[in-house]
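Breakdown of the fold
Next come the chains, spelled out residue by residue.
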Amino acid sequence: MDCGSQLIINGMKDNIPIKRQLLIYRYFVKKIQELKIYKLSKEDKELYIGTVIALVKLGIYDFDDEDSPIYIAPKRKIKRIKT
């Protein structure tokens, strides 16, 4: 099971409602994005990734949405100049 699903399940086992989990996950993502990437430990990076995946699974973020922290841009076509 991936980290995002595990976060959601553990929250539900601890009787934390989904709405509260969403607030916590969004707050955590916001705070991590304010930090410099080199100041994060490996555990914090893994928790950040798990949190973003949990938000995707809960329908808050989308891979195709430019405002999501996980936007995956389409590959750019390279124009070749004929000489």
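Thresholds applied
Residues numbered from 1 in each chain as written. Predicted model: local features only at pLDDT ≥ 70, side-chain atom pairs only at ≥ 80, totals over all residues. Heavy atoms only, no water. Helix = DSSP H or I, 4+ residues; strand = E, 2+ residues; numbered from the N terminus. Buried < 20%, exposed > 50% of the residue type's maximum accessible area, 1.4 Å probe, protein only. Contact = heavy atoms within 4.5 Å. Expected span 1.5 Å × (residues − 1). pLDDT = per-residue confidence, 0-100. Salt bridge = Lys/Arg side-chain N within 4 Å of Asp/Glu carboxyl O. Polar contact = N/O pair within 3.5 Å; in protein donor to acceptor, adjacent residues only side chain to side chain. Axes fitted to C-alpha atoms, helices over the stretch in contact; angles between N-to-C directions. Parallel < 35°, antiparallel > 145°, perpendicular 65-115°, else oblique. Left-handed = near helix turned anticlockwise from the far one by under 90°. Nonpolar A, V, L, I, M, F, W, Y, C, P; charged D, E, K, R; others polar.

Helix and strand counts for the protein chain come out as three helices and zero strands. Along the chain direction, N to C, the helices and strands of the protein chain fall in the order α-α-α. Every one of the 83 residues in the protein chain was classed for burial, and the buried ones make up 22%. Pairs at least 24 apart in sequence give 44% of the contacts found in the protein chain among residues at least 6 apart.

Over its 16 residues, helix α3 (residues 42-57) extends 23 Å from the first C-alpha to the last, a length consistent with the 22 Å expected when each residue adds 1.5 Å. Every buried residue of α3 is accounted for by Tyr-48, Gly-50, Thr-51, Val-52, Ala-54 and Leu-55. Buried residues along α3 sit against α1 (3-13) and α2 (18-34).

With 78% of its residues at a pLDDT of at least 70, the protein chain reaches an overall mean of 80. For the protein chain, α3 is the element with the lowest average pLDDT, namely 85, and α2 is the one with the highest, namely 87.

If you walk through the whole model with that rule in mind, you get one salt bridge. Between Glu-34 and Lys-31 there is a salt bridge, and its shortest N-O distance comes to 3.6 Å. In this pair, Glu-34 and Lys-31 are both assigned in helix α2, three residues apart and thus about one turn of the helix distant. Judged by relative accessible area, Lys-31 falls into the partly exposed class, the value being 36%.

Before going further, it helps to spend a moment on the environment of Lys-57. Following the sequence through the fold, Lys-57 ends up in helix α3. Looking at Lys-57, the relative accessible area reads 47%, which means it is partly exposed. With 52 residues separating them in the primary sequence, Lys-57 and Ser-5 have C-alpha atoms 7.7 Å apart. If near-sequence neighbours (up to four positions away) are discounted, Lys-57 is found in contact with Asp-2, Ser-5 and Ile-8. Within the structure, Lys-57 has its side chain in polar contact with the side chain of Ser-5 (distance 3.3 Å).

Turning to the packing of α1 against α2, a few remarks are in order. Running from amino to carboxyl end, α1 crosses α2 at an angle of 130°, the nearest separation of the two axes being 10 Å. The orientation of α1 relative to α2 falls into the category oblique. Crossing geometry of α1 relative to α2 is assigned as right-handed. Where α1 approaches α2, its residues Leu-7, Ile-8, Gly-11 and Met-12 are matched on the opposing element by Ile-18, Gln-21 and Tyr-25. A per-class count over the contact of α1 with α2 returns five nonpolar, two polar and no charged.

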